[in-house]
Amino acid sequence: MRSGRRALNMIKYLILMLTFMCVVIEIIQIVVGAVLHRLFATYTVFIDNDFVRATHFLIAVGIVLVFLSIFGFAGIIFENVIMIFLYAGLFGLMVILEIILASAAFSMYNRVDSMLTRRMNIAIQKFFSDRFMRASFNHMQNEMNCCGIQSYADWANFHPERDLPNSCCRRVDDGCMPHERGCHAPMSDFIGSRTHMIATGTVIIIVFQVICIVTAIIMGARLSKYKQQLRAAGMSPGPVTAPEPIMTEKPKY
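The name that an unreviewed UniProt entry assigns to the protein is Tetraspanin, with the source organism given as Anopheles coluzzii. Taken from UniProt, the Sequence similarities (unreviewed entry) comment for the protein reads in full: "Belongs to the tetraspanin (TM4SF) family." Its UniProt record, at the heading Subcellular location (unreviewed entry), says of the protein: "Membrane".

Okay, structure coming up:
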């Protein structure tokens, strides 16, 4: 009986440590999702809504898993079998959602180039007619130190009667000296690297969470078996066994 309790304690402390690490990882996931959302929102003209929704989903799943981990933490401390199995089941459901997120992120990563080409062509066509498009394109060219889509020659193709925007110019002292590189390549690296980070980061989190689920199931099964053994031996399955009364009646002299 003591050896069973000792093994159960080892599993208990292990899963408590893993659950605490899960809470830390989920907090990091929420912070990363918020940062990526802010970055993607800056270039919302050039990316599809799926990319922004992925950051929303990342934040939402992280918040749910933080509270779920705290619930599991309580179940493990109080050695409640129902809470432990419920924690493992709900955690498994959230892992399925994260697998969907990782698959979607890998799919989005593979279409970054085509998406940027399509979106940038629309934005450069509407540059002089749409103030929002103009502000977004200027911001991109200033931040990325680039000009046009593939090169500054794109401006002559789309707007032959117009001068280059000031955001295209490296120097304007003796006329506009445009940036030589276009904006497609740096934007592809920028969006692609962050999308790939969502995909690979989610996969790493999933692997760690599966370990947490497996250990929780083992803990629940061992705890259930241990309590059954205690009941069979006529002992209380709770953490503290109530003492029996020493005597039920006064002694007679």
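Draft legend 1. The arrangement of a nonpolar patch on the surface in detail. Together, Leu14, Met17, Phe20, Met21, Val24, Ile28, Val32 and Met197 give the surface a local cluster of nonpolar side chains, amounting to about 690 Å² of exposed area. With 7 residues, helix 1 (residues 2-42) is the single largest residue contributor to the nonpolar patch. Looking at the element boundaries, Met17 is found in helix 1.

Draft legend 2. Representation of the state of the cysteines. Counted under the stated rule, the structure contains 3 disulfides. The disulfide bridge from Cys147 ends at Cys168, spanning 2.0 Å between sulfur atoms. One disulfide, between Cys147 and Cys168, carries an S-S torsion of 90 degrees and so falls in the right-handed class. Taken together, the residues Cys147 in the loop between helix 5 (131-144) and helix 6 (153-158) and Cys168 in the loop between helix 6 and strand 1 (169-171) connect sequence positions 21 residues apart. On the basis of relative accessible area, Cys147 is assigned to the buried category, the value being 0%. The class for Cys168 is buried, based on a relative accessible area of 0%. Between Cys169 and Cys176 runs a disulfide, and the two sulfur atoms are separated by 1.9 Å. Taking the torsion about the S-S bond as the criterion, the Cys169 to Cys176 disulfide, at about -105 degrees, is left-handed. Since its relative accessible area comes to 11%, Cys169 is described here as buried. Taken in N- to C-terminal order, the disulfide-linked cysteines of the protein are connected 1-6, 2-3, 4-5.

Draft legend 3. The arrangement of the layout of surface pockets in detail. Looking at the largest pocket, its volume works out to about 170 Å³. At the level of elements, helix 1 and helix 7 (184-232) are the ones that each hand at least two residues to the lining of the largest pocket. Its residues placed into classes, the lining of the largest pocket shows 8 nonpolar, 3 polar and no charged.

Draft legend 4. How the structure looks around the packing of aromatic side chains. Here the structure, examined in full by the defined rule, presents 9 aromatic pairs. Look at Tyr43 and Phe190: their rings are 5.5 Å apart centre to centre, the planes differ by 70 degrees, and that puts the pair in the edge-to-face class. Within this pair, whereas Tyr43 is found in the loop between helix 1 and helix 2 (49-77), its partner Phe190 is found in helix 7, the two being separated by 147 residues in sequence. The pair formed by Tyr43 and Phe190 is uniform in burial state, with each residue classed as buried. An angle of 80 degrees between the planes, with centres 4.9 Å apart, marks the rings of Phe127 and Phe128 as edge-to-face. Judged by relative accessible area, Phe127 falls into the buried class, the value being 2%.

Draft legend 5. Here's a closer look at the environment of His37. Relative to the assigned elements, His37 resides in helix 1. C-alpha of His37 to C-alpha of Ala88: the two residues are 51 residues apart in sequence and 29 Å apart in space. In this structure His37 touches Val52, Thr55 and His56, once residues within four positions along its chain are discounted.

Draft legend 6. Local environment of the pattern of salt bridges. Scanning the model with the defined rule gives 6 salt bridges in all. The partner of Arg53 in a salt bridge is Asp50, with the nearest N and O atoms 3.1 Å apart. Of this pair, Arg53 and Asp50 are both found in helix 2, 3 residues apart, which corresponds to roughly one turn of the helix. Residue Arg53 is classed as partly exposed on the basis of its relative accessible area, which comes to 49%. Given the relative accessible area of 35%, Asp50 is considered partly exposed. Arg111 serves as the salt-bridge partner of Asp50, at 2.9 Å between the closest nitrogen and oxygen. In this pair, Asp50 sits in helix 2 while Arg111 sits in the loop between helix 3 (81-110) and helix 4 (112-125), placing the two residues 61 residues apart along the sequence. For Arg111, a relative accessible area of 25% corresponds to the partly exposed category. Several salt bridges share partner residues, and in doing so they unite Asp48, Asp50, Arg53, Arg111, Arg118 and Arg119 into one network.

Rules and cut-offs
- Residues numbered from 1 in each chain as written.
- Predicted model: local features only at pLDDT ≥ 70, side-chain atom pairs only at ≥ 80, totals over all residues.
- Heavy atoms only, no water.
- UniProt positions renumbered as here; feature names shortened; annotations may be inferred.
- Patch = residues over 30% accessible without salt bridge, like charges linked within 9 Å, V, L, I, M, F, W, Y side chains within 5 Å.
- Areas by Shrake-Rupley, 256 points an atom, 1.4 Å probe, with all protein chains shown as cover.
- Salt bridge = Lys/Arg side-chain N within 4 Å of Asp/Glu carboxyl O.
- Helix = DSSP H or I, 4+ residues; strand = E, 2+ residues; numbered from the N terminus.
- Disulfide = S-S within 2.5 Å.
- Buried < 20%, exposed > 50% of the residue type's maximum accessible area, 1.4 Å probe, protein only.
- 1 Å grid on protein atoms, 1.4 Å probe; cavity = no way out; pocket = protein on both sides within 12 Å on 5 of 7 lines; lining within 4 Å.
- Points joined across faces, edges and corners; volume = space filled by probe spheres on them.
- Nonpolar A, V, L, I, M, F, W, Y, C, P; charged D, E, K, R; others polar.
- Phe/Tyr/Trp six-rings, centres within 6.5 Å; stacked < 30°, edge-to-face > 60°.
- Contact = heavy atoms within 4.5 Å.

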